[in-house]
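Summary of the model geometry
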Amino acid sequence: MAATDNTCSWCAVFAHDNAEVVINGGEYSIGAPEGDYNDLIYARDNAKITINGGTYHSAGTVRNDGTAFVLNLKDNTAAKITVNAGKFENFNPAEANTEPGGLYNFLADGYETVAEGDWFVVREIVLTGSTEDVVVEEETQE
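What comes next concerns the included structure. (Residues numbered from 1 in each chain as written. Predicted model: local features only at pLDDT ≥ 70, side-chain atom pairs only at ≥ 80, totals over all residues. Heavy atoms only, no water.)

**Here's the deal with the sheet that holds strand E1 (residues 13-15)**
Threshold: At least two bridges found by DSSP between two strands are what make those strands a pair. A helix here means a DSSP run of H or I that spans at least four residues, while a strand means a run of E at least two residues long, and both kinds are numbered starting from the N terminus. Every angle, taken between N-to-C directions, lies between 0 and 180 degrees, and every axis is a line fitted to C-alpha atoms, over only the stretch in contact when it is a helix.
Spatial strand order, E1-E4-E6: 3 strands in an open sheet with parallel pairing. Across the chains shown, the open sheet's two edge strands, defined by having one partner strand only, are E1 and strand E6 (71-73). Neighbouring strand axes in the sheet, compared pairwise and without regard to direction, differ in orientation by 10° on average.

**Section: the pairing of strand E9 (residues 119-124)**
Alignment of strand E7 (residues 80-89) against E9, held across 4 bridges, turns out to be antiparallel. Following the sheet pairing, Gly86 is matched in E9 by Val122. Both strand E8 (residues 111-116) and E9 contribute to a ladder of 6 bridges, which runs antiparallel. Within E9, the position partnered with Thr113 by the bridge is Val122. Counted between consecutive antiparallel strands, the loop separating E8 from E9 contains 2 residues, among which Gly117 sits at a positive phi close to 65°.

**Some details on the pattern of salt bridges**
Rules: Throughout this description, the term salt bridge denotes a Lys or Arg side-chain nitrogen within 4 Å of a carboxyl oxygen of Asp or Glu. Exposure categories follow from relative accessible area, calculated using a 1.4 Å probe and restricted to protein chains: below 20% of the type maximum is buried, above 50% is exposed, and the middle band is partly exposed.
As enumerated under the stated definition, the model contains 3 salt bridges in all. With a shortest N-O distance of 3.1 Å, Arg44 and Asp45 are connected by a salt bridge. Look at Asp45 and you get partly exposed, because its relative accessible area is 27%. Between Arg123 and Glu112 there is a salt bridge; the shortest N-O distance is 2.8 Å. Here Arg123, found in strand E9, pairs with Glu112, found in strand E8; they are 11 residues apart in sequence, far enough to count as distant.

Have a look at this one:
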């Protein structure tokens, strides 16, 4: 837990420059200074954060307009956060409104979120059905 005294801005994880951070589990939460909010997991510059698990609480991350900054990138940088697993409170990492240009998807290809009450759980997409259901058109060369 970061910013437990709620007197200033903090992040539970802050990656910058060319850092590469891998989160494989744990529980992450943060406080918030009065009238302000904090980013829970934040990346800027060329930093890369990969999330492979863990529990992420939204308390302390909500701006006065309702935006929850559980995951956030510094605008207009090459920073990247990729989510492969995890459980997120009141925050859908597949439809985050923390980035410019509309909803942003932090999920790795092949992953989805499933709502479970106030939580969004990230899991690998499981395809069902037989291979006979897939139609592939072949190019013919003349």
